[in-house]
Every structure is written in C-alpha cells, then in structure tokens.
Amino acid sequence: MAWQDSLSDLKGELADVRAEKRRRAEEEEADIRREREEISQMVEGLAISALLDDMNTVLLDGAGEVETIISWEEEEEDIVIDGEEDEEEGDAIAAILSWDEGGEREIAVDVGMSDDGPFLQVNGVDIRPEREALEAALMQAFRDELEI
C-alpha cells in the first residue's frame, strides 16, 4: 500500500504544480495581450500609416508603397535556419514606405516594447513617441534617403 500512497501523494503535488504553471502562463498571456494592445494604440494614435500615405501621395506622387507588418501575425511563419528557429526580439509593428528612385529607398517606422517600455524608431533612430517628433523624424529620414 505504500506504493499507492506515494503515487497518490505525487498526484497531489502534480496537480498543484500544474495549476501554478497554468496560472503563470495565463498571466504571461495577459501581459502579452496588454503590450500588443499598447503597441497597436500607439501606432493608431500617432497615425503612422496615414503619415506615410501622405508622404507617398505628396512627395512621390503615389509611386511608393506603404506596408504594415505586425510581428505577432507573422509568428505562424517561423523561420528555420540550420534546424533552429529564429527567435523574435519582441512584439512590434513596422510601417514601411518603400519606393524606387535611383535605387530602392525605404523609410521604416517601428513601434514595439522593450524592457524599458514602449519605443518608437524611424529608420532605426529612437524618437519620442509624440506626433511632432515623428513628423520631424519622417522628414529627416526622407531627406537622408535622397541625400538632400
């Protein structure tokens, strides 16, 4: 009977451990959903796609293309290199204006989460998450792309 008692004790421990793991997983999922919502709200609040569309319309006469990439919607397409999955650095949304003018040109606006909180970058340069700062950074990025 000692064997059966040991199995019963272990079953009780397993139930507690599994419940704790499930609780932690649910908390992590809730945190991820909150972060993704915050990123989405930042992108929407700053009207990033609209700004890039305006640049395309006014500066490029509509010859460019605006694309939005949402990292967590791309997760299903895991990249496998040498048998190992490529690990993502975190959730982010990238809005990209690309065009051909003496070669391929691109302005990329990235919004995501880091350990320090949300971030906003234009062509890899950190900027304040404010509309005026974004507009100025986009203008500078356009000038930089065309070297003017």
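In what follows, the structure referred to is the one given above.
Residues numbered from 1 in each chain as written. Predicted model: local features only at pLDDT ≥ 70, side-chain atom pairs only at ≥ 80, totals over all residues. Heavy atoms only, no water.

Help me out: how do you make sense of the overall build of the chain in this one?
Secondary structure assignment for the chain yields 4 helices and 7 strands. When the helices and strands of the chain are placed in sequence order, the string is α-α-β-α-β-β-β-β-β-β-α. Buried residues in the chain amount to 28% of all 148 residues. Long-range contacts, defined here as pairs at least 24 residues apart, represent 52% of the contacts in the chain between residues at least 6 apart. About 10700 Å² of surface is accessible on the chain, with carbon and sulfur atoms providing 46% of the total. (Helix = DSSP H or I, 4+ residues; strand = E, 2+ residues; numbered from the N terminus. Buried < 20%, exposed > 50% of the residue type's maximum accessible area, 1.4 Å probe, protein only. Contact = heavy atoms within 4.5 Å. Areas by Shrake-Rupley, 256 points an atom, 1.4 Å probe, with all protein chains shown as cover.)

In this structure, what is going on with a negative patch on the surface? I would like to understand it.
Together, Glu65, Glu67, Glu73, Glu74, Asp100, Glu101, Glu104 and Glu106 make up a region of like negative charge exposed at the surface. Every element with two or more residues in the negative patch is listed here: β1 (65-70), α3 (71-74) and β5 (104-114). By secondary structure assignment, the location of Asp100 is in strand β4 (residues 92-100). On the basis of relative accessible area, Asp100 is assigned to the exposed category, the value being 63%. (Patch = residues over 30% accessible without salt bridge, like charges linked within 9 Å, V, L, I, M, F, W, Y side chains within 5 Å. Salt bridge = Lys/Arg side-chain N within 4 Å of Asp/Glu carboxyl O. Lys, Arg positive; Asp, Glu negative; His and termini not counted. Charge placed at Lys NZ, Arg CZ, Asp CG, Glu CD.)

In this structure, what is going on with the packing of aromatic side chains? I would like to understand it.
Aromatic rings in a pair are described by how distant their centres are and how their planes are angled relative to each other. Taken as a whole and judged by the stated rule, the model has 1 aromatic pair. For the pair Trp99 and Phe142, a centre-to-centre distance of 5.2 Å together with 20 degrees between the ring planes defines the contact as stacked. Here Phe142 lies in helix α4 (residues 131-146) and Trp99 lies in strand β4, a separation of 43 residues in the sequence. By relative accessible area, Trp99 is classed as buried at 6%. (Phe/Tyr/Trp six-rings, centres within 6.5 Å; stacked < 30°, edge-to-face > 60°.)

Would you explain the packing of helix α2 (residues 48-60) against α4 in this entry?
Think of two packed helices as two axes; the pair is described by the angle between the axes and how far apart they sit. At a minimum axis distance of 11 Å, the contact between α2 and α4 shows a crossing angle of 40 degrees. Note that α2 runs across α4; the crossing there is right-handed. Side by side, α2 and α4 meet where Ile48, Leu51, Leu52, Met55, Leu59 and Leu60 of the first sit next to Arg131, Leu134, Glu135, Leu138 and Phe142 of the second. When grouped by side-chain class, the residues that make up the contact of α2 with α4 number 9 nonpolar, no polar and 2 charged. (Axes fitted to C-alpha atoms, helices over the stretch in contact; angles between N-to-C directions. Left-handed = near helix turned anticlockwise from the far one by under 90°. Nonpolar A, V, L, I, M, F, W, Y, C, P; charged D, E, K, R; others polar.)

I'm lost on unusual backbone geometry in this one. Help?
Outside of glycine, negative phi angles account for most residues, and trans bonds account for most peptide bonds. A positive phi angle, near 50 degrees, is found at Asn123, a position not held by glycine. When its relative accessible area of 34% is taken as the criterion, Asn123 is described as partly exposed. One non-glycine residue with positive phi stands out, namely Glu147, at about 55 degrees. Of the residues examined, Glu147 reaches a relative accessible area of 71% and is grouped as exposed.

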